[in-house]
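Observations on chain architecture
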Amino acid sequence: MIGKIAVEEHFAYEGTIAGAEFLHGKSAIWPTLRRHLLDLHDERIAQMDKLGIEMALLSLNAPVLQAMTNTEEAIELARRANDFIAEQVAKCPDRLAAYAALPMQDPEASAKELIRCVKELGFKGTLINGFTHREGYAESVVHYDLPEYWPFWEVVEQLDVPFYLHPRDPVTSQQKLYSGQPWLLTAAWAFGVETSTHALRLICSGLFDKYPKLNIVLGHLGEGLSFGIWRVDHATVRDPRGITIKKKPSEYFRSNFYFSTSGNFHTLALHNLMMEVGTDRIMFAADYPYEPMDEAAEWFDSASINETDRLKIARTNALKLFKLSGDKSTSAHV
């Protein structure tokens, strides 16, 4: 299929590649991964051409900013990274777009930087790599349902841009569940547990009652929540334990969340998500270069879904959500 828009693709630059090396440097794939993270135009665009991907939305490599414990340094790095990717997108605006990287250690600074990125640099939203930290404490875990973040969420709603919640591993002190089995960390399991729980915290906090126009994006076909959301409803209705939200959790899941295929190329899981939320809230993504772009595209192009749904997921849903309809190319064919 020609004309796909990939909504969760990643990059690094010289100011952040050390963070990626810390996480992946011992892996056999690191030399290739490093090259692909740093390449914004050559090999990346060539692959997109080959696989029918018209545009990629780029985000800073994980977790980088969210893993920092010096708030002022995080604020400065966010600005430098956003300026860098803005320059790169400007070289190829019909093929690349960007998410803002934000220093979520400081909600007020994050709101200001998001305003700058959207209004001055033309960014399409923000992608945040999970929870953040308190100043000076690497084992602290701060989620964005806390009241201190609600003024930030008000700005996101006013700007009318998506907030993409991307995974990261739990901090070391909270990895006891995976003790002795490190292969269950990262994308195999821990990423989904962390991110789906964070999403449920947002839902159950009442955030979407206060800011009903917020749009949150989850990758990896919803981090497993499409399978489990009925049971969340069932349990919170039977035993609410003080929850005060106005609707069932699943209603917010269907009205305030979008989803991408990033890194989860499994047709049965896609069918489950389609049945739970419909096809208007699902978008194509590869998760490149952490996942192979060709595997993502070839799976999606041949997945057993009808062509109307394929076009929505591949393209038109992203055009609407990210307001890309003004970009140069608006055609697609199967």
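Note that this is a predicted model, so its numbers are computed, not measured.

1. Quick word on the sheet that holds strand E4 (residues 126–129)
Spatial ordering of the open sheet is given by E4-E7-E8-E9-E10, a layout of five strands whose pairing is parallel. Both edges of this open sheet fall to E4 and strand E10 (282–283), since each of them pairs with a single strand only. In this structure, strand E7 (residues 163–166) lies alongside strand E8 (residues 216–218), joined through three bridges in parallel fashion. In the strand pairing of E8, Leu165 is matched with Leu218.

2. Notes on the sheet that holds strand E1 (residues 4–11)
Strand order in this open sheet of three strands is E1-E2-E3, and the pairing throughout is parallel. Either end of the sheet is taken by a strand with one partner, and the two such strands are E1 and strand E3 (96–98). Here the strands of the sheet are splayed against their neighbours by 30° on average, with no regard to which way each runs. Where E1 lies against strand E2 (residues 53–60), six bridges are found, and the strand directions are parallel.

3. Observations concerning the side chain of Thr279
Structurally, Thr279 is set in the loop between helix H11 (267–277) and E10. Sequence-distant contacts of Thr279, that is, excluding residues within four places in its chain, are made with Met274, Asp309, Lys312, Ile313 and Asn317.

4. So, helix H9 (residues 225–238)
The terminal C-alpha atoms of H9, which comprises 14 residues, lie 19 Å apart, in line with the 20 Å expected from a rise of 1.5 Å per residue. Within H9 the residues assigned to the buried category are Leu225, Ser226, Ile229, Val232 and Asp233. As for H9, its buried residues are in contact with helix H7 (190–204), E8, helix H10 (249–255) and H11.

5. Some details on the pairing of E4
Side chains Thr126 and Ile128 of E4 all project onto a buried face; the interleaved residues Leu127 and Asn129 project onto the opposite face, where all are buried too. Sheet topology note: the E4/E7 ladder contains four bridges and is parallel. Counterpart to Ile128 in the pairing with E7 is Leu165.

6. Digging into unusual backbone geometry
Phi is mostly negative for residues that are not glycine, and the peptide bonds are mostly trans. The linkage connecting Ala62 with the following residue, Pro63, adopts the cis geometry, with an omega of -15°. One can find Pro63 in the loop between E2 and helix H4 (71–91). Its identity as a non-glycine residue notwithstanding, Leu221 has a phi of 55°, on the positive side. Secondary-structure assignment places Leu221 in the loop between E8 and H9. Of the residues examined, Leu221 reaches a relative accessible area of 3% and is grouped as buried. One non-glycine residue, Arg241, lies in positive phi territory at about 50°.

Criteria and thresholds
- Residues numbered from 1 in each chain as written.
- Predicted model: local features only at pLDDT ≥ 70, side-chain atom pairs only at ≥ 80, totals over all residues.
- Heavy atoms only, no water.
- Pairing = 2+ DSSP bridges.
- Helix = DSSP H or I, 4+ residues; strand = E, 2+ residues; numbered from the N terminus.
- Axes fitted to C-alpha atoms, helices over the stretch in contact; angles between N-to-C directions.
- Contact = heavy atoms within 4.5 Å.
- Expected span 1.5 Å × (residues − 1).
- Buried < 20%, exposed > 50% of the residue type's maximum accessible area, 1.4 Å probe, protein only.

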